[in-house]
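Letter by letter, the chains look like this.
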Amino acid sequence: MTTANDPSQQAPWKVAICVSLATAIVPAIFTNLDKVAALFPASDQSSAESAAAPQNQAPASASASDKDLLYYVIAAESKYPESLRKLPAQAAGLEFARSFPNIKMCPSKVDPETYYLVLGSKLSQSDAKSLRQQAIVNNFDRETYIQSDKQIFFVPSNCSQVTAST
């Protein structure tokens, strides 16, 4: 005698649905494993910092030609320039001009609707790294990144200064 909970008595279509779902979901998880892994914080700080840094950040070990490069610290990107102008005061308070006197807003040379909030320009790599860390400590986004002058998506001469009154 069989009972209602006996697996052999379940409808075959239920088993087919479960198998179909499993064959669809498992490959999708493995295909997107890097995206799934990004949802969970890294266990040690050095890998967490490297995971938070964008892929376009300059490598830690500089070659001889990299020593001549100038670096930019970019805190944000937006299609809304007015929200970018407010970001320094929201992050670092109204006294942001003391800690970050050279903040600029730069229009993209690729997309005329995109703007970048640049915290520091034409810096050495070590100065750029220090400014990035200072920005994060002062409540700017952890996604603040560094780019060399060969990688930037804006023309520095087209940038405008961001002040407390703007």
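Since this is a predicted model, take the numbers as computed values, not measurements.

## A closer look at the sheet that holds strand β1 (residues 71-78)
Thought 1: The antiparallel open sheet is built from five strands, whose spatial order is β4-β1-β3-β2-β5. Taken across any chain shown, the strands that pair with only one partner, and hence form the sheet edges, are β4 (145-148) and β5 (160-161).
Thought 2: Strand direction decides the pairing type here: strand β2 (residues 104-107) and β5, joined by two bridges, are antiparallel. Bridge pairing links methionine 105 to serine 160 in β5.

## Some thoughts on the pattern of salt bridges
Thought 1: Tallied over the entire structure, the rule returns two salt bridges.
Thought 2: The residue lysine 79 makes a salt bridge to aspartate 111 at a minimum N-O spacing of 2.5 Å. Placement of the pair is lysine 79 in the loop between β1 and α4 (81-92) and aspartate 111 in the loop between β2 and β3 (115-123), with a sequence separation of 32 residues.

## Digging into the packing of aromatic side chains
Thought 1: A full pass over the atoms with the stated rule returns three aromatic pairs.
Thought 2: Relative to phenylalanine 140, the ring of phenylalanine 100 lies with its centre 5.3 Å away and its plane at 80°, an arrangement referred to as edge-to-face. Of this pair, phenylalanine 100 sits in the loop between α5 (96-99) and β2 while phenylalanine 140 is found in the loop between α6 (125-137) and β4, placing the two residues 40 residues apart along the sequence. When sorted by exposure, phenylalanine 100 lands in the same class as phenylalanine 140, which is buried.
Thought 3: Grouped by ring-pair contacts, the aromatic residues Tyr72, Tyr116 and Phe154 constitute a single cluster.

## Some thoughts on α4
Thought 1: Listing the buried residues of α4 in full gives Leu84, Arg85, Pro88 and Ala91. When α4 is viewed along its axis, its buried side chains cluster within an angular range of 140° and face the same direction. The exposed set on the far side of α4, more than 90 degrees from its buried face, consists of Lys86 and Gln90.
Thought 2: On its buried side, α4 packs onto β1, α5, β2, β3 and β5.
Thought 3: Looking one or two residues beyond α4, the residue adopting positive phi is glycine 93, at roughly 85°.

## What about the confidence of the model for the protein chain?
Thought 1: Across the protein chain, pLDDT averages 75, with 59% of residues at or above 70.
Thought 2: Mean pLDDT in the protein chain bottoms out at helix α3 (residues 45-52), which sits at 41, and peaks at β4, which reaches 97.
Thought 3: Across residues 38-62 the pLDDT falls below 50, and counting only partners more than four positions away or on other chains, this stretch makes 21 contacts in the model.

## A few points about α6
Thought 1: Over its 13 residues, α6 runs 19 Å from end to end, which matches the ideal 18 Å to within 8%, given 1.5 Å per residue.
Thought 2: Along α6, the positions that sit buried rather than exposed are Gln125, Ala128, Leu131, Arg132, Ala135 and Ile136. Burial along α6 is one-sided: seen end-on, the buried residues are contained in an arc of 140°.
Thought 3: Contacts from the buried residues of α6 go to β1, β3 and β4.
Thought 4: Once α6 finishes, asparagine 139 follows within two positions and takes phi at roughly 75°, a positive value.

## With respect to unusual backbone geometry
Thought 1: Despite not being glycine, lysine 122 shows a phi value in the positive range, around 55°.
Thought 2: Take lysine 122: it is sitting in strand β3.
Thought 3: On the basis of relative accessible area, lysine 122 is assigned to the exposed category, the value being 55%.
Thought 4: Located in the positive-phi region is asparagine 139, a residue other than glycine, with phi close to 75°.

Thresholds, definitions, all that
- Residues numbered from 1 in each chain as written.
- Predicted model: local features only at pLDDT ≥ 70, side-chain atom pairs only at ≥ 80, totals over all residues.
- Heavy atoms only, no water.
- Pairing = 2+ DSSP bridges.
- Helix = DSSP H or I, 4+ residues; strand = E, 2+ residues; numbered from the N terminus.
- Salt bridge = Lys/Arg side-chain N within 4 Å of Asp/Glu carboxyl O.
- Phe/Tyr/Trp six-rings, centres within 6.5 Å; stacked < 30°, edge-to-face > 60°.
- Buried < 20%, exposed > 50% of the residue type's maximum accessible area, 1.4 Å probe, protein only.
- Arc of directions from axis to C-beta.
- Contact = heavy atoms within 4.5 Å.
- pLDDT = per-residue confidence, 0-100.
- Expected span 1.5 Å × (residues − 1).

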